[in-house]
Amino acid sequence: SSDVCSSDLFIQVLAKRPQVQENLTSQIVDVFQNTFKPAGCGASVRAYHFCVIARGVNEQPSPMETTALRGVLKSNVNTRAEFLNSINRNDPIFP
């Protein structure tokens with residue numbers, strides 16, 4: 001609904017700012033947690049870091065992955081494992 005669209009716009013605004021990936025991941029989870037108030041919320045962000053690419057490192061850059069969990073996704077071992085196992089790490093990342 002409109003809350004989902006608002007959250008999407010907020011995430012786009014957050015993602016355009018220069019910042020630490022760990023903070024961005026936490027901020028995304030906090031937006032959804034505070035907007036929808038679910039029993040649990042989680043986000044996983046995988047990205048290539050421009051600083052590695054811009055330096056001209058002759059190695060294939062590795063993506064960084066950060067995860068933030070709230071509620072039952074953080075406190076319940078089975079729920080957390082189910083969420084983390086559902087992440088498809090084979091999806092391509094736009095470099």
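Whatever comes next refers back to the structure up there.
All of the points below concern the structure found in this document. Values in this document were obtained by computation on a predicted structure and should not be read as measured data.

1. Considerations on the overall build of the chain
Next up, step 1: Secondary structure summary: the chain contains five helices and two strands in total.
Next up, step 2: When its helices and strands are written in sequence order, the chain yields α-α-β-α-β-α-α.
Next up, step 3: Looking at the 95 residues of the chain, the share that counts as buried comes to 21%.
Next up, step 4: By sequence separation, contacts in the chain at least 24 residues apart represent 52% of the contacts at least 6 residues apart.
Next up, step 5: Total accessible area on the chain stands at roughly 6,800 Å², and carbon and sulfur atoms take up 55% of it.

2. A closer look at the side chain of Q21
Next up, step 1: In this structure, Q21 sits in helix α2 (residues 21-36).
Next up, step 2: With residues up to four places along the chain from it excluded, the contact list for Q21 reads V45, R46, A47, H49, M64, E65 and T66.

3. A look at unusual backbone geometry
Next up, step 1: Positive phi is not limited to glycine here, since K37 has a value of about 50°.
Next up, step 2: Position of K37 among the secondary structure elements: in the loop between α2 and β1 (40-47).

4. So, the nonpolar core
Next up, step 1: Core analysis: the largest hydrophobic core is formed by 10 residues, namely I11, L14, L24, I28, V29, V31, C41, A43, V45 and A68.
Next up, step 2: Of all the secondary structure elements, the ones that give two or more residues to this core are α1 (2-16), α2 and β1.
Next up, step 3: Of the residues forming this core, the biggest block, four residues, is contributed by α2.
Next up, step 4: In contact with A43, not counting residues within four places along its chain, are T25, I28, V29, T66, T67, A68 and F83.

5. Re the side chain of T25
Next up, step 1: Its place among the elements puts T25 in helix α2.
Next up, step 2: With relative accessibility at 1%, the residue T25 sits in the buried group.
Next up, step 3: A distance of 3.0 Å separates a polar side-chain atom of T25 from the backbone oxygen of Q21.
Next up, step 4: A polar contact is formed between the side chain of T25 and the side chain of T66, at a distance of 2.5 Å.

6. Observations concerning helix α5 (residues 77-86)
Next up, step 1: For α5, the tally of buried residues reaches only one of 10 residues, placing the bulk of the element at the surface.
Next up, step 2: Taking the backbone nitrogen of N78 as reference, a side-chain oxygen 2.9 Å away marks N76 as the first, capping residue of α5.

The rules behind these values
Residues numbered from 1 in each chain as written. Predicted model: local features only at pLDDT ≥ 70, side-chain atom pairs only at ≥ 80, totals over all residues. Heavy atoms only, no water. Helix = DSSP H or I, 4+ residues; strand = E, 2+ residues; numbered from the N terminus. Buried < 20%, exposed > 50% of the residue type's maximum accessible area, 1.4 Å probe, protein only. Contact = heavy atoms within 4.5 Å. Areas by Shrake-Rupley, 256 points an atom, 1.4 Å probe, with all protein chains shown as cover. Core = buried A, V, L, I, M, F, W, Y, C linked by side-chain atoms within 4.5 Å. Polar contact = N/O pair within 3.5 Å; in protein donor to acceptor, adjacent residues only side chain to side chain.

By themselves, these figures tell us nothing about what the structure is for.
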